[in-house]
Structures are given as structure tokens and as C-alpha cells.
Amino acid sequence: MLGEGGRRGVRAFRGEIRIDTVIGSALRDNPHGDPVERPLVVCLPPGYETQPTRRYPVIYWLPGYTGTALSALNHDPWLPSVPEALQRAWDVDAPPAILVVVDGFTRFGGAQYLNSPANGNYEDYVVHDVVGHVDASYRTLAAPAHRGLAGKSSGGYGALVLAMRHPDVFGAVSAHSPDCYFELCYKPDFPKLLQAIARYGGVEAVLARFLELEKKPGDLMAAVSVAAMAMAYSPNPARPPYFFDLPFDPYTGELDATVWARWLAWDPVNLVAEHAAALRGLRLLHFECGTRDEYHLHYGARILARRLTAHQVPYLHEEFDDSHTRTAYRYPAAFARLAAALAPP
């Protein structure tokens, strides 16, 4: 438990930070053998203990690919940690809210916060296990209008998609550099996995080698990220040991149109039409991206904005002059906006 003043990484946070353990019933028997018990970082606002009858809205933060709940506490002298970003929002009079950082890490980096027989049921884990734990353990305003989602990169993707699919649980979203328009953000990485397959003799060998290495080299990490996306978007329970279909031929690289269509069905730009009514009901739909994003996500965000406009969904779309990384300085304003949208009258 970290209180007033905190420790290294959270010393600017003036509320209270608790590290809970949540039992992910939805993750039992997941094929990777990843932990069912997960840390959950809970940031309580100043006054939580001294105002015992007050209830608070909740912001759920979803870390990006390879991120964990505890990594959100990491101190950087040049950028705010996630709790410090929330404190900066409070410093400019944002309404108080509870912030919860979710752990969605898998041994291959993450599951996009979706249910998948290749990874486990991470969507159910967030929507049922995590939200249920928080509402049972803390004085929350337990209604969709007072629950928000936020996240960066794959976490931004998860925030968008879970908000679309669960309007009965979440009422606002703020997505930072979310994975959007798969044609541009994922396809450029396909050759990285193809090259690793050629080197190690198959995709199973690539993943097995990745797990063996104490230090994960960057080129192999980039290759494995493609396989991790396939586990989320094109799982195949009939294909052990990792249970997924590749969206391309592993020798020629030729795109497999059938599998690729399964990926595209999960692209936020293609989900808008189906979930337009849920999106129109949000109290806030905010997404942003740097105009020099290395994964070309700013183009996906622009396409998302056009699709939302076509379906008469209100939104706030922002761009800024920066890349994909080290953009946590953008979080305080987003937290302030989200807390205001979730605050009770």
C-alpha cells in the first residue's frame, strides 16, 4: 500500500495507491498457463478515507502490448507515470475518480483484451472479474455512466472495442494511439515473422525459441507480436500447440484472404457500423494519435473519425506532433476530460 508522498515512481501522487490481487475466473485453464491471479493497481483520490459515504466514478486503464499493471507505476524523470498523470489532472481541478490499472499480459505480450481460445478470455476478465472486484471492494458509482475506459496502443484498442461491445458496463472512452486500420498498422510487420519462420524452421519454432530466451531481442519481439495478434484475431482451437491461423502463407508470404478477413472483422474502423448505437450513447468518445506514429496509427484514427461521422456518432479526435512512444504527457488532459464526463451531476 502506497500512501501520501508515495515511493519512487509515484511520489507526486497525493491520494493512495493499493496493489490488489484479483482472481481472473475467466482466465482459468488458459492454454498458455498464464497466471489466473493478477495484480490490480488501484489509485484512490485524496479524501477517499476521510469521506466514508462518498462514491466515485472509475477509470479503467488498459496498458499497451507487453505492458503490465505494475509497469504503470514506473518512474520516469521526464514523463508522468499513469498515477502521476492522474494527479496532474487533479492539480487542474479535475473531478475525483478512482483509477484502476488492469493487467492483461500474456507470455507472448498481450491478448488485445479479447476472448480467444488461443489466449484465454481477457474480455470477460476485464468486464466481469476486474469490474466485479472493484465494485465489491471500493465505493464506486456502479453504473455505466460512471465507468470509463482508457489505454495506449493495444490498450487504446481494447478501450475502444470493449466500450463498443459493452455499453451496459462502460459509458466513456479515451484511447491513445489505438490500433486502427489493420491494413497499415499490422501488414508492414508480416515480413518480420516470415523472416523469423525461415530462420527457425516454422512459427512454432519461432515461439518456442522466444520463450527460451532470457533476453528477448527486438527483431524477434517484432516477429512474435504478429503471432500474438493472430492469437487474438484468428484463433484456431484445432491447431496446437499455440492455436491460431496465420493471415499469410508461411513460405511465400501470400495473404490468406479468408484468415485476413477474420482479422479485419476486429478492426475498430470496421466495427463502427455494427456498434454505432452503443457509440452514440457514450458520454465521451475521445481518441488521439501523433502525426509521426511509426505504426501509421494516425491514418487509422482519421479513418475512424470519418466512419464515426458517417454514422452520426459524436467524438473528439486530436492529433499532435509526435511519434508512438513517450507520449504520456498527453494523459493528464485526457484523464481530466474523462473524469469530468464520468462525474455525477
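Reading the values: rules and limits
Residues numbered from 1 in each chain as written. Predicted model: local features only at pLDDT ≥ 70, side-chain atom pairs only at ≥ 80, totals over all residues. Heavy atoms only, no water. Helix = DSSP H or I, 4+ residues; strand = E, 2+ residues; numbered from the N terminus. Pairing = 2+ DSSP bridges. Axes fitted to C-alpha atoms, helices over the stretch in contact; angles between N-to-C directions. Parallel < 35°, antiparallel > 145°, perpendicular 65-115°, else oblique. Contact = heavy atoms within 4.5 Å. Nonpolar A, V, L, I, M, F, W, Y, C, P; charged D, E, K, R; others polar. Expected span 1.5 Å × (residues − 1). Buried < 20%, exposed > 50% of the residue type's maximum accessible area, 1.4 Å probe, protein only. Polar contact = N/O pair within 3.5 Å; in protein donor to acceptor, adjacent residues only side chain to side chain. Phe/Tyr/Trp six-rings, centres within 6.5 Å; stacked < 30°, edge-to-face > 60°. Lys NZ or Arg CZ within 6 Å of the ring centre and 35° of its normal. Core = buried A, V, L, I, M, F, W, Y, C linked by side-chain atoms within 4.5 Å.

Colleague: Can you walk me through unusual backbone geometry in this structure?
Modeller: Excluding glycine, residues mostly carry a negative phi; peptide bonds, for their part, are mostly trans. Residue P241 is bonded to the preceding P240 through a cis peptide linkage, with omega at 10°. With respect to the helices, strands and loops of the structure, P241 is situated in the loop between α7 (218–233) and α8 (257–264). Despite not being glycine, Y113 has its phi angle at roughly 60°, a positive value. Turning to its location among the elements, Y113 is positioned in the loop between β4 (98–101) and β5 (115–116). Residues other than glycine seldom take positive phi values, yet F243 does so here, at roughly 65°.

Colleague: Honestly, the sheet that holds strand β8 (residues 172–176) in this entry has me stumped. Any pointers?
Modeller: Adjacent strands of a sheet form backbone hydrogen bonds with each other and so pair up, either parallel or antiparallel. Reading across the sheet, the eight strands line up as β1-β2-β4-β3-β7-β8-β9-β10 and stay open at both edges, with mixed pairing between neighbours. Sheet topology places β1 (16–23) and β10 (316–320) at the edges, where each strand pairs with a single neighbour. Here the average twist between neighbouring strands, direction ignored, is 20°. Two strands pair when backbone bridges link them, and strand β7 (residues 147–152) and β8 are joined in this way by five bridges, in the parallel orientation. Counted as the bridge partner of K152 is H176 from β8.

Colleague: Help me understand the packing of helix α5 (residues 190–200) against α7, please; the structure alone is not making it clear to me.
Modeller: A packed helix pair is summarised by two numbers, namely the angle formed by the two axes and the spacing between the axes. Running from N to C, α5 and α7 cross one another at 110°; their axes reach a closest spacing of 8 Å. Taken together, the axes of α5 and α7 lie roughly perpendicular to each other. On the side of α5, the interface is formed by F190, K192, L193, A196, R199 and Y200, while α7 contributes D219, L220, A222, A223, V226 and A227. Here the contact of α5 with α7 is built from residues that sort into nine nonpolar, no polar and three charged.

Colleague: Would you mind showing me how to read α7 here?
Modeller: One turn of an α-helix holds 3.6 residues; hence residues three or four places apart share an orientation. Its 16 residues place the ends of α7 23 Å apart at the C-alpha level, agreeing with the 22 Å of an ideal helix rising 1.5 Å per residue. Among the 16 residues that make up α7, 13 are buried, leaving the element largely enclosed by the rest of the structure.

Colleague: What exactly am I supposed to notice about the environment of R239 here?
Modeller: By secondary structure assignment, the location of R239 is in the loop between α7 and α8. Sequence separation of R239 and A118 is 121 residues, and the distance between their C-alpha atoms is 9.4 Å. Of the polar contacts made by the side chain of R239, one reaches the side chain of D245; its length is 3.0 Å.

Colleague: What's the story with the side chain of E123 in this structure? I'm lost.
Modeller: Among the secondary structure elements, E123 is positioned in helix α2 (residues 122–137). Given a relative accessible area of 3%, E123 falls into the buried group. Within the structure, the side chain of E123 is placed 2.8 Å from the side chain of R165, a separation counted as a polar contact.

Colleague: I tried to follow the packing of aromatic side chains on my own but got confused; where do I start?
Modeller: Aromatic ring pairs: the centre-centre distance and the angle between the two ring planes describe each pair. According to the stated counting rule, one finds 23 aromatic pairs in the structure shown. With centroids separated by 5.7 Å and ring planes inclined at 85°, the aromatic side chains of F190 and W263 adopt a geometry described as edge-to-face. With F190 in helix α5 and W263 in helix α8, the pair connects residues that are 73 residues apart, well separated along the chain. For the pair shown, F190 and W263 are each scored as buried. One aromatic cluster in this structure is built from Y157, F182, Y186, F190, Y233, F248, W260 and W263. Above the plane of the ring of F210 lies K216, whose end atom (NZ or CZ) is 4.6 Å from the centre.

Colleague: Any chance you could explain the nonpolar core here in plain terms?
Modeller: Across soluble globular proteins, you tend to see nonpolar side chains buried next to one another. Counting 88 residues, the largest nonpolar core has Y60, L193 and W263 as the members making the most contacts within it. Take this core: its biggest share by element is 11 residues, from α7. The residues contacting W263, other than those within four sequence positions of it, are F182, Y186, F190, V226, M229, A230, Y233, S234 and P247.

The values are spatial; any link to function lies outside them.
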